[in-house]
Amino acid sequence: MSNFIHVTPFMHVDNLDRALAFFTDILGFDTPFRAADYAYVQRETVAFRILQRAGDDGAPPGNRRFAYYIDVRDVDQLYAELKPKLDKLPKGDVYGPVDQSYGQRELLVLAPDGNLLAFGQAIVK
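Below is a summary of the structure that appears in this document.

Procedures and definitions
Residues numbered from 1 in each chain as written. Predicted model: local features only at pLDDT ≥ 70, side-chain atom pairs only at ≥ 80, totals over all residues. Heavy atoms only, no water. Core = buried A, V, L, I, M, F, W, Y, C linked by side-chain atoms within 4.5 Å. Buried < 20%, exposed > 50% of the residue type's maximum accessible area, 1.4 Å probe, protein only. Helix = DSSP H or I, 4+ residues; strand = E, 2+ residues; numbered from the N terminus. Contact = heavy atoms within 4.5 Å. Salt bridge = Lys/Arg side-chain N within 4 Å of Asp/Glu carboxyl O. Pairing = 2+ DSSP bridges. Axes fitted to C-alpha atoms, helices over the stretch in contact; angles between N-to-C directions.

## Overview of the nonpolar core
For step 1, the next point in the chain: The biggest cluster of nonpolar side chains holds 26 residues, and the ones touching the most others in it are Phe22, Phe23, Leu27, Phe48, Ile50, Leu117 and Phe119.
For step 2, the next point in the chain: For this core, the secondary structure elements donating two or more residues are β1 (10–13), α1 (16–26), β3 (38–43), β4 (46–52), β5 (67–71), α2 (75–86), β7 (104–110) and β8 (116–122).
For step 3, the next point in the chain: When residues of this core are assigned to their parent elements, the largest contribution, six residues, is made by α1.
For step 4, the next point in the chain: Beyond its immediate stretch of four places on either side in the chain, Leu27 contacts Phe22, Arg43, Leu82, Leu86, Leu117 and Phe119.

What follows is the structure, encoded as structure tokens:
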């Protein structure tokens, strides 16, 4: 049996409530744990540790410096599930699903703090 379970990256945001609303209300994640400036969100085997930081301690918002890639089995199924909620996001914050030249079919979603989430699956030919 392998020892590794999964990776749960830290996402630094300037507004935890806004980030949690995005992850739970739009993307369908649960929040098993929440503290004043920290939350753990999870959906199936994917999780993020979200940490509210502002000023010099925080990541610059909106620059897409941070990107997270989430491998899924069926990106079109995920898109169909999320589409009614994704349609409420600002124009340009959602791209795809689209086949990429590097053999992945991807859905890109921009989070409120400028973090980019890519959901992708391998294109089987």
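From this point on, the discussion continues.
## Section: the pattern of salt bridges
For step 1, the next point in the chain: One pass over the full model with this rule turns up eight salt bridges.
For step 2, the next point in the chain: Here Asp14 ties to Arg18 by a salt bridge, and the two come within 2.7 Å at their closest N and O atoms.
For step 3, the next point in the chain: A salt bridge links Arg53 to Asp37; the shortest N-O distance between them is 3.1 Å. Highlighted residues: Arg53 in the loop between β4 and β5 and Asp37 in the loop between β2 (30–34) and β3, separated in sequence by 16 residues.
For step 4, the next point in the chain: Since its relative accessible area comes to 30%, Arg53 is described here as partly exposed.
For step 5, the next point in the chain: Looking at Asp37, the relative accessible area reads 31%, which means it is partly exposed.
For step 6, the next point in the chain: Through salt bridges with shared partners, one network takes in Asp14, Arg18 and Asp113.

## Some thoughts on the sheet that holds β4
The strands making up a sheet are joined through hydrogen bonds of the backbone, oriented either antiparallel or parallel.
For step 1, the next point in the chain: Read from one edge to the other, the open sheet built from four strands follows the order β1-β4-β3-β2, with strand pairing classed as mixed. The sheet is open, and its two edges are formed by β1 and β2, each paired on a single side. Taken pair by pair, the neighbouring strands of this sheet meet at an average axis angle of 25 degrees, ignoring direction.
For step 2, the next point in the chain: The sheet contact formed by β3 and β4 spans six bridges and is antiparallel. The partner of Ala39 across the bridge, within β4, is Ile50.
For step 3, the next point in the chain: Against the sheet, α1 contacts β1, β2, β3 and β4, and its axis sits at roughly 165 degrees relative to β4.

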